[in-house]
Amino acid sequence: MKKVIIIFFNVACIIGLTVGILHFFVPYVANWYSYIPEAPIEIYQSINYVNFCFSFFLSGFSLMLIIMQKQLFAGLKEVKIFYTFFVLVWLSRIIIQIIWPWPSGLQTWLVVGFTTEFIFTLIPMIYFINMKNNN
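Residues numbered from 1 in each chain as written. Predicted model: local features only at pLDDT ≥ 70, side-chain atom pairs only at ≥ 80, totals over all residues. Heavy atoms only, no water.

**Student:** I'd like to hear about the overall build of the chain, residue by residue, with values.
**Tutor:** Each helix and strand counted, the chain has 6 helices and 0 strands in total. Along the chain, helices (α) and strands (β) appear in the sequence α-α-α-α-α-α when read from the amino end. In terms of principal-axis extent, the alpha carbons of the chain reach across some 60 × 25 × 20 Å. For the chain, the proportion of contacts with a sequence separation of at least 24, taken over those separated by at least 6, is 73%. Here the chain carries 7 positive and 4 negative side-chain charges, and the mean point of each set is 27 Å from the other. (Helix = DSSP H or I, 4+ residues; strand = E, 2+ residues; numbered from the N terminus. Contact = heavy atoms within 4.5 Å. Lys, Arg positive; Asp, Glu negative; His and termini not counted. Charge placed at Lys NZ, Arg CZ, Asp CG, Glu CD.)

Now the structure itself:
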């Protein structure tokens, strides 16, 4: 069972890392700024800043979890807290997606994608909770 949990954990972190890295390029590939052609430069820059911080955060967070997985699976409390926050980030992404739906056909795929990632993160979280109760 632990091997399956390790696989789920690594898949979740690799997806998070991939989403983080790809998001560095999303504003340019998706041509975000074409939707607001007359916006002041401050709007463009705030989009750049928020997207950069999100991308950097998600990439770094995912990479750190991959690097620290031995400590996590050994039961180190601080890394469990770190991982719990990672799980909550994906849960909040689903909630936000439902409360403020994406105004296009992408909505369904976004909810499916975020829910899939959340499940990949949640299964190891359940394992960690049970591991604590068994110790």
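**Student:** How would you sum up the nonpolar core? Please name residues and give values.
**Tutor:** Counting 20 residues, the largest nonpolar core has Phe9, Leu65, Leu72, Tyr83, Phe86, Trp90 and Phe128 as the members making the most contacts within it. Those residues in contact with leucine 65, other than ones at most four positions away along the chain, are Phe9, Cys13, Phe82, Tyr83 and Phe86. (Core = buried A, V, L, I, M, F, W, Y, C linked by side-chain atoms within 4.5 Å. Buried < 20%, exposed > 50% of the residue type's maximum accessible area, 1.4 Å probe, protein only.)

**Student:** Could you give an account of the confidence of the model for the chain, with specific residues and numbers?
**Tutor:** When pLDDT drops low, the exact placement of atoms in the prediction is not to be read closely. This prediction gives the chain a mean pLDDT of 94; 97% of its residues lie at or above 70. Looking across the chain, the model is least confident in helix α2 (residues 26-29), with a mean pLDDT of 90, and most confident in helix α1 (residues 2-23), with 97. (pLDDT = per-residue confidence, 0-100.)

**Student:** Mind laying out the layout of surface pockets, listing which residues take part and the relevant values?
**Tutor:** Estimated volume of the largest pocket: approximately 900 Å³. As for the largest pocket, its lining consists of 30 residues, and the residues nearest its centre are His23, Trp32, Arg93, Trp102 and Leu110. For the lining of the largest pocket, the residue count by class is 22 nonpolar, 6 polar and 2 charged. (1 Å grid on protein atoms, 1.4 Å probe; cavity = no way out; pocket = protein on both sides within 12 Å on 5 of 7 lines; lining within 4 Å. Points joined across faces, edges and corners; volume = space filled by probe spheres on them. Nonpolar A, V, L, I, M, F, W, Y, C, P; charged D, E, K, R; others polar.)

**Student:** Describe α1, with residues and values.
**Tutor:** With 22 residues, α1 ought to run about 32 Å at 1.5 Å a step, and its terminal C-alpha atoms sit 31 Å apart, in line with that. Among all positions in α1, only Ile5, Phe9, Asn10, Ala12, Cys13, Gly16, Leu17 and Gly20 are buried. One side of α1 holds all its buried residues, which, seen down the axis, span an arc of 160°. Set apart from the buried face of α1 by more than 90 degrees, the exposed residues are Lys3, Ile7 and Leu22. (Expected span 1.5 Å × (residues − 1). Arc of directions from axis to C-beta.)

**Student:** Break down the side chain of glutamine 107 for me, citing the residues and quoting the values.
**Tutor:** As for its position among the elements, glutamine 107 is in helix α6 (residues 106-134). Given the relative accessible area of 17%, glutamine 107 is considered buried.

**Student:** I'd like a rundown of the environment of proline 124, residues and numbers included.
**Tutor:** Its location among the elements puts proline 124 in helix α6. The class for proline 124 is buried, based on a relative accessible area of 0%. A C-alpha to C-alpha distance of 6.8 Å links proline 124 and phenylalanine 8, two positions 116 residues apart in sequence. Residue contacts for proline 124: discarding those within four places in its chain leaves Ile5, Phe8, Phe9 and Tyr83.

**Student:** Now, about the environment of serine 55: what can you tell me, with residues and values included?
**Tutor:** Residue position: serine 55 is located in helix α3 (residues 41-67). When near neighbours in sequence (up to four residues on either side) are disregarded, serine 55 contacts Gly20, His23 and Phe24. A polar contact is formed between the side chain of serine 55 and the backbone nitrogen of phenylalanine 24, at a distance of 3.4 Å. Within the local environment of serine 55, its side chain forms a polar contact with the backbone oxygen of asparagine 51, the two atoms lying 2.8 Å apart. (Polar contact = N/O pair within 3.5 Å; in protein donor to acceptor, adjacent residues only side chain to side chain.)

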